Amino acid sequence: KKYKMKVSLKIRKVHRYLGLIIGIQFLIWTISGLYFSWTNLDEIHGDQFMKNPISKISFSGLSGLEEIPDITKLELLNIANEPFYWVNEKQLYNAKNGNKLDEITEQQAIEVVNFHLKEDLTISTIEKIENIGPHHEYRGKPLPAYAIHFNHPEKITAYVSAKNGKFQRVRHSSWRIFDFLWMGHTMDYNGRDNFNNILLRVFSLFGVLTVLSGFSLWFVTSSLYRKLIRS
């Protein structure tokens, strides 16, 4: 009986401290998991603000290729209803006259956004971003870029690459909540998306140990354990 009490107390102590260490993170995992399961991922991406379908524009009478040297990759882009070649993923050229365009203008960025987003959204401010930190909502996308903010309860911001005029993404309040909870869920406090980080691995192991210690505690305090000891 004394041996059983010692074993039980040791397991209980281990279980208690493991619970203290892992409990807060378990709560974060549970809350974030509930939010993820109750939200529509398309709405998190901002699809409700996008035109559906987005109009397709065709161009004819294009030229200008003879003015462009060393083409290895070519993409035709629509920027403010004007055709542009995006050459070798690094340079814009006007598809009618071959003129090089280093960056699109602010007005062109506005027209790109208006082409993709619904008409009932009103622009409030525009800024050009050159550098961002690892936690910025535009992380991982090409810079410089135009950030176009809208008067909307969801605090919508749309981003357009200044280098090629491509619409990049739209962000809003629900996405920002999702992003914050995703950070806590993955425990990647630098870039959000690294599932192989050491902190997550350590806490996952602690979680397994906490569950196993709970099972062990149940076992040593059960009648089955007493029968095994007697036999």
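Criteria and cut-off values
- Residues numbered from 1 in each chain as written.
- Predicted model: local features only at pLDDT ≥ 70, side-chain atom pairs only at ≥ 80, totals over all residues.
- Heavy atoms only, no water.
- Buried < 20%, exposed > 50% of the residue type's maximum accessible area, 1.4 Å probe, protein only.
- Helix = DSSP H or I, 4+ residues; strand = E, 2+ residues; numbered from the N terminus.
- Pairing = 2+ DSSP bridges.
- Expected span 1.5 Å × (residues − 1).
- Salt bridge = Lys/Arg side-chain N within 4 Å of Asp/Glu carboxyl O.
- Axes fitted to C-alpha atoms, helices over the stretch in contact; angles between N-to-C directions.
- Contact = heavy atoms within 4.5 Å.

A. Seen up close, the pairing of strand E2 (residues 82-87). Among the six residues in E2, five count as buried, and that is most of the element. With six bridges connecting them, strand E1 (residues 74-79) and E2 associate as antiparallel partners. Pairing of Leu77 across the sheet is with Phe84, part of E2. Connecting E1 to the next strand, E2, in antiparallel fashion are two residues, including Ala80 with a positive phi near 55°. Pairing analysis gives four bridges linking E2 to strand E3 (residues 91-94), with the strands arranged antiparallel. Along E3, the bridge assignment pairs Trp86 with Leu92. Hairpin geometry of E2 and E3 is characterised by an intervening segment of three residues between the two adjacent antiparallel strands and by a positive phi of about 55° at Asn88.

B. How the structure looks around helix H4 (residues 173-186). Look at H4: 20 Å from first C-alpha to last across 14 residues, which is about the 20 Å you get at 1.5 Å a residue. Within the sequence span of H4, burial applies to Trp175, Phe178, Asp179, Leu181, Met183, Gly184 and Thr186. Among the residues trailing H4, Met187 stands out with phi positive, at a value near 60°.

C. Just the pattern of salt bridges, in detail. What the rule picks out here adds up to eight salt bridges. Glu89 serves as the salt-bridge partner of Lys73, at 2.6 Å between the closest nitrogen and oxygen. Residue Lys73 is found in the loop between helix H2 (41-44) and E1, and its partner Glu89 is found in the loop between E2 and E3; the two are separated by 16 residues along the sequence. For Glu89, a relative accessible area of 51% translates into the label exposed. With a shortest N-O distance of 3.0 Å, Lys166 and Glu75 are connected by a salt bridge. Pair noted here: Lys166 is in the loop between strand E7 (157-161) and strand E8 (167-171) and Glu75 is in strand E1, with a separation of 91 residues, a long-range link. Salt bridges sharing partners connect three or more residues here, namely Glu103, Lys128 and Glu130.

D. Representation of the sheet that holds E7 within the structure. Across the sheet, four strands lie side by side as E5-E6-E7-E8; this open sheet has antiparallel pairing. Unpaired on one side and paired on the other, strand E5 (122-129) and E8 mark the two borders of the sheet. Adjacent strand axes in the sheet meet at a mean angle of 20°, parallel and antiparallel pairs treated alike. Where strand E6 (residues 145-151) and E7 come together, five bridges link them in antiparallel fashion.

E. Geometry of the environment of Val160. With respect to the helices and strands, Val160 occurs in strand E7. Separated by 47 residues in sequence, Val160 and Val113 place their C-alpha atoms 7.4 Å apart. Leave out the neighbours within four places in its chain, and Val160 touches Ile104, Ala109, Val112, Val113, Ala145, Tyr146, Gly165, Lys166, Phe167 and Gln168.

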